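# Fold and geometry: a report
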There are 2 protein chains.
Amino acid sequence: MQVQDTPLVRKLGAFVALSDPELEILGRMHGRPRSFPAGVDMVHEGQVKRSAYVLASGWVCSYKTVAGGGRQIVDFQVPGDFLGLRSLLFRTADHNIEPVTRVEASEVLISELIDGFTRAPRLATAVLWAASRDEAMVVEHLVSIGRRNAQERTAHFLLELGARLTLVGLGTQEGYACPLSQYLLADALGLSAVHINRVLRELREAGLMSFQKGRVEFHDFAGLVALADFDLAYLDHDGPLLK
Amino acid sequence: MQVQDTPLVRKLGAFVALSDPELEILGRMHGRPRSFPAGVDMVHEGQVKRSAYVLASGWVCSYKTVAGGGRQIVDFQVPGDFLGLRSLLFRTADHNIEPVTRVEASEVLISELIDGFTRAPRLATAVLWAASRDEAMVVEHLVSIGRRNAQERTAHFLLELGARLTLVGLGTQEGYACPLSQYLLADALGLSAVHINRVLRELREAGLMSFQKGRVEFHDFAGLVALADFDLAYLDHDGPLLK
DNA sequence: CGAGTGATTGAACGGTCTCAATATGTGTGG
DNA sequence: CCACACATATTGAGACCGTTCAATCACTCG
């Protein structure tokens, strides 16, 4: 099988130097393609029959709803990310998953995953690392919402998305394509869409960055990192941690 | 070896029905006791040499600091909880761990953990479940801070702590002993200590609950659950999920 | 061309913060 | 046992950040 350059391979490859047999096993995980339209939940809270997926293209968001009718987006997933790993061990899914754009994803059977791990334990480590990194991002998100004001929070979030996309080859320090609406951004950052709009304007007028017409552009990367108190380290790798 | 009734055994036992050999392996994890005074960090951000621990007695908090000098407490750990599992795969710890009270904990070597899993795979499942549950709590915390007002947030948090403590035999629907100061509560809930004080007074005057002199008392459990939009399901088990 | 979605801006309200002062409790040293 | 320092809890007053409501604009798609 030809060595592939999928987002998943690129991401895990940043952590573990992958051998040919390992690449081959990963390649097989892309064998069960599924397609989902934007805006229709792939998984909803309380759903019993669940699957895990690897995102091939498109963006999705994971969210929970609250009594008042609002919702909190916990995280977005971009190509190369896993979906639904966390609640595999629960009786029912504990959150909703909604595609932000049209999405192509590969369904991963749990048995397949376990089997892959048995034959290539280093893959298990790589996936665990990816899961730990996901949780670290949720934690950083929590810190943002709890202790940063709207500007810092917004800047931090868009920087982090940039770092993740860069890891899978979909972004640079110049910017990236971003299909999120200001409403989605608001639901993710615990702010109102109106206020997001004002904050984006302030950031633009300060010459730090812009987010318009589906594209995030960093105009003063260092300044933005300083404003957001963004830690480059935890997404920055000089190369695989495991050779 | 005598079958033990430690908080860890009690918690994992709620998820997986544990056999004698499994209990014996768990018991051995309590073989490396350590003691820590209140207020002195056990682990700090960026620290390279890390250990994992199982909490035997006392409370600790995990937190991250932000530029302005503030901090956000991500979670508290109570007896039976693991410490430091998440960042095991990172080069350095990504958060601080501070004992809230004097703490007794057992150091767990990574090799020991892996070895235990090899000989008792069901233990691995149980620990993974515990880790997933921890992450689910962080997510719920995120939702609280993002989308609930101060009253709902405070009520939700104290209810969740109660549910966790009940799981290890340290609380009931009547209440529980709680060593947290209003400052710690504030750092956890993304509020100021002054406002926490007012919120606690409102909850008390509404006849819902009280938190005074180190003790949380639920006066109207159902009313509090309704106010907080608290989901009893995800911490509520009729018995082990795996027989 | 009309409808719907997303972006933008203004004005007023309100939840939470900050600053400040006063209790209350607890441990320490004299 | 008292005096004191120190942490924690409590309460008030004013300021500020972000919300809500409302209107207008821009763009896309039928």
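This text follows the structure it describes.
Attention here is on the structure that accompanies the text. (Residues numbered from 1 in each chain as written. Chains lettered and ligands numbered in written order. Predicted model: local features only at pLDDT ≥ 70, side-chain atom pairs only at ≥ 80, totals over all residues. Heavy atoms only, no water.)

This paragraph deals with the packing of aromatic side chains. Ring pairs (aromatic) are described by centroid distance and by the angle formed between their planes. All names here are of chain A. Taken as a whole and judged by the stated rule, the model has 8 aromatic pairs over all chains. With a centroid separation of 5.4 Å and an interplanar angle of 80°, the aromatic rings of Phe 218 and Phe 221 are classed as edge-to-face. The exposure class assigned to Phe 218 is buried, which follows from its relative accessible area of 8%. Here a set of aromatic residues connected by ring pairs shows up, and it is made of Tyr 176, Phe 218 and Phe 221. Taking the ring centre of Tyr 63 as reference, the NZ or CZ of Arg 71 above it sits at 4.6 Å. (Phe/Tyr/Trp six-rings, centres within 6.5 Å; stacked < 30°, edge-to-face > 60°. Buried < 20%, exposed > 50% of the residue type's maximum accessible area, 1.4 Å probe, protein only. Lys NZ or Arg CZ within 6 Å of the ring centre and 35° of its normal.)

Residues and elements named next belong to chain B. Burial along strand 10 (residues 215–218) is one-sided: the face carrying Val 216 and Phe 218 is buried and the face carrying Arg 215 and Glu 217 is not. Sheet topology places strand 8 (residues 175–177) next to strand 10; 3 bridges connect them, and they run antiparallel. Bridge pairing in strand 10 places Tyr 176 opposite Val 216. In this sheet, strand 10 lies alongside strand 9 (residues 209–212) in antiparallel orientation, the contact comprising 4 bridges. Pairing of Ser 210 across the sheet is with Glu 217, part of strand 10. Hairpin connection between strand 9 and strand 10: a loop of 2 residues separates the two successive antiparallel strands, and Lys 213 in this loop has a positive phi of roughly 50°. (Helix = DSSP H or I, 4+ residues; strand = E, 2+ residues; numbered from the N terminus. Pairing = 2+ DSSP bridges.)

Let us look at the interface of chain A and chain B. Every contact between the two is made by 37 residues of chain A and, on the other side, 37 residues of chain B. Approximately 3400 Å² of surface area, both sides summed, lies buried where chain A meets chain B, with 67% of it carried by carbon and sulfur atoms. On the chain A side of the interface with chain B, the three residues burying the most area are Leu 89, Leu 142 and Arg 147 of chain A, jointly 22% of the side's total. Applying the counting criterion to the chain A and chain B interface returns 4 salt bridges. The salt bridge partner of Asp 187 of chain A is Arg 147 of chain B, with a shortest N-O separation of 3.6 Å. At the junction of chain A with chain B, the criterion picks out 10 residue pairs in polar contact (both at pLDDT 80 or more). Elements that contribute at least two residues to the side of chain A that touches chain B include exactly strand 4 (71–77), helix 4 (121–147) and helix 6 (182–189) of chain A. (Contact = heavy atoms within 4.5 Å. Buried area = accessible area lost by both parts, 1.4 Å probe. Salt bridge = Lys/Arg side-chain N within 4 Å of Asp/Glu carboxyl O. Polar contact = N/O pair within 3.5 Å; in protein donor to acceptor, adjacent residues only side chain to side chain.)

Worth remembering: the numbers are spatial, not functional.
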